[in-house]
Structure formats: structure tokens, C-alpha cells
Amino acid sequence: MKLFRLLTIAALAAGSCLPAAADGDGKDRVARPEPTQKLRIRAGGSGPQSHHLNLGINKAVIIELPEDARDVLVSNPAVVDAVVRTPRQVYIVGMAAGPANAFFFTASGKQLLNLEIRVERDMPELKSIIERNVKGSDVTVETINDNVVINGSVKTPSDAEAARQIAMRYVTDPGKAVRADSVVNRVGIRGGDQVMVR
């Protein structure tokens, strides 16, 4: 588990927790993606609120809290990172595919939020890449535990293989061996039989 202490207002004013690309002393800091969505938590109820969040790898979301938080606890820091901007604003960043939780607490120990998070690869982006590179394809893609299932139809068997190759490379991290077993290709050939290549 990973515990993030919120910084004091003075430290925040100094900008010490901003996820900028570089510090004032010129040393590089870890670059994080800019948030692409926002989740505003509204005040109400006697207990902690609970929300589900689907997040893409290398994507971020801004969590806006109704009260000042002091602690943010992340269950799986290999999957999710938390970047504290202010006591009421926290970035959640998807680092790798998988599930995680994030818990937000006030200074008195009151739990504000339980966030159930699933980080997945961006399937609309993969679909777009396949359709751009395999002309005339009509496919759907879905992810299961960082593996991809492709359904739909293409014109030729070579198009089906091209879609599989693109998907294999999409789910392979840079510098790693191609994950050949990570794609189940269930596309059909128009006017022909369905092919299943794994």
C-alpha cells in the first residue's frame, strides 16, 4: 500500500507537489499525463462515498473532493499513482492494466471516498488504428485482463492477420517481447468463414 501525505498550504503555494516536467533546480521530474477527465465528489451522506472509475493506461483523472483530505491510500501503486495538487484536488494516474483502490481520509481520520479503479488499455484507440490500417475492416475490440479480443469482419485472411499483428503490438509495452498470446482474433472474412487465429 502506498500512503500520500498531503502537503501543507505553504508547501502547495510553493508548488512543491505540482506534477510539472522539471523542478526549479533544473532536475527532471517524472512526467505524468495531463488529466483527461474530472470526477467531482459532492458532499452528502453520513458515510464515505463509493465510486467506480475506468481509466486508460497513461491517462489521468482529477478527483475533486468536498472536504480537505489529509491522506490518500492506494492499494496497488504499480497500477495507479496519486498526485496531490491541493487538499481538495488529487490526480489519479493509470500506470498499468489491473484493478486498484484509492481511499481518501480527512485529518481527523474520517473516510471521504472509496474509489474502485480498473485501469485498461484504450480500446477505442486500438479500433481506430486497425480501421486506419486495415482498409474496409469493421471490427470491435474489448479487453480482458490486458488481453484483447477482436470481433467483426475484414475483406481477406491477410487483413485478419494484419489486425492481429496490430493488436499484439498495441498491448506490448515498449522494449518488451511481442505478446503473441495476448490477442484472440475472431474476425470473419466477408463472404467466407470466420477465422480464429490466436
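Draft legend 1. Here's a closer look at the side chain of Glu-64. Following the sequence through the fold, Glu-64 ends up in strand E4 (residues 60-64). According to the relative accessible area criterion, Glu-64 is buried, its value standing at 16%. Here the side chain of Glu-64 touches Lys-38 through a polar contact of 3.4 Å, side chain to side chain. Each residue touching Glu-64, except ones within four places of it in the same chain, is listed here: Lys-38, Leu-39, Arg-40, Ile-41, Arg-88 and Gln-89.

Draft legend 2. Highlighting helix H2 (residues 123-133). Of the residues making up H2, those classed as buried are Met-123, Leu-126 and Ile-130. The buried side chains of H2 occupy one side of the element, clustering within an arc of 60° when seen end-on. Exposed residues pointing more than 90 degrees away from the buried face of H2 are listed as Pro-124 and Arg-132. The secondary structure elements touched by the buried residues of H2 are strand E10 (138-144), strand E11 (147-154) and helix H3 (157-170).

Draft legend 3. Fine view of the pattern of salt bridges. Counting across every chain of the model gives nine salt bridges. Note that Lys-127 is salt-bridged to Glu-131, the shortest N-O span being 2.7 Å. Of this pair, Lys-127 and Glu-131 both sit in helix H2, four residues apart, roughly one helical turn. Exposure remark for Lys-127: the relative accessible area of 27% places this residue in the partly exposed category.

Draft legend 4. Up close: the environment of Glu-125. Within the element layout of this structure, Glu-125 appears in helix H2. Of the residues examined, Glu-125 reaches a relative accessible area of 41% and is grouped as partly exposed. In sequence terms Glu-125 and Tyr-170 are 45 residues apart; their C-alpha atoms lie 9.6 Å from each other. Side chain to side chain, Glu-125 and Tyr-170 meet in a polar contact 2.6 Å long.

Draft legend 5. Summary view of the sheet that holds E10. The strand order across the open sheet formed by three strands is E10-E11-E12, and the pairing between neighbours is mixed. For this open sheet the edge positions go to E10 and strand E12 (183-189), each flanked by a neighbour on one side alone. When strand polarity is set aside, the average angle formed by the axes of neighbouring strands in this sheet is 10°. Note that E10 and E11 share seven bridges and pair antiparallel. Paired with Val-139 across the strands is Gly-152, a residue of E11. Sheet strands in contact with H2 are E10 and E11, and its direction is about 145° off that of E10. Of the strands in this sheet, E11 and E12 are in contact with H3, which crosses E12 at around 155°.

Draft legend 6. Broad picture of the nonpolar core. Ranked by size, the top nonpolar core spans 24 residues in total, and within it Ile-63, Val-80, Ile-92, Phe-104, Leu-113, Leu-115 and Ile-117 carry the most contacts. Elements represented by at least two residues in this core include exactly strand E3 (49-56), E4, strand E5 (71-74), strand E6 (80-86), strand E7 (89-94), strand E8 (98-105) and strand E9 (111-120). When residues no more than four places from it in sequence are discounted, the contact partners of Leu-115 are Leu-39, His-51, Leu-53, Ile-63, Ile-92, Ala-100, Asn-101, Ala-102 and Phe-104. One finds Met-123, Ile-130, Val-134 and Ala-163 within the second-largest nonpolar core, a separate group that totals 19 residues.

Draft legend 7. Main features of unusual backbone geometry. Positive phi, close to 65°, is recorded for Asn-58, a residue that is not glycine. Within the secondary structure, Asn-58 sits in the loop between E3 and E4. Look at Asp-146: it is not a glycine, yet its phi comes out positive at around 65°. Inspection of the secondary structure puts Asp-146 in the loop between E10 and E11.

Analysis parameters
- Residues numbered from 1 in each chain as written.
- Predicted model: local features only at pLDDT ≥ 70, side-chain atom pairs only at ≥ 80, totals over all residues.
- Heavy atoms only, no water.
- Helix = DSSP H or I, 4+ residues; strand = E, 2+ residues; numbered from the N terminus.
- Buried < 20%, exposed > 50% of the residue type's maximum accessible area, 1.4 Å probe, protein only.
- Polar contact = N/O pair within 3.5 Å; in protein donor to acceptor, adjacent residues only side chain to side chain.
- Contact = heavy atoms within 4.5 Å.
- Arc of directions from axis to C-beta.
- Salt bridge = Lys/Arg side-chain N within 4 Å of Asp/Glu carboxyl O.
- Pairing = 2+ DSSP bridges.
- Axes fitted to C-alpha atoms, helices over the stretch in contact; angles between N-to-C directions.
- Core = buried A, V, L, I, M, F, W, Y, C linked by side-chain atoms within 4.5 Å.

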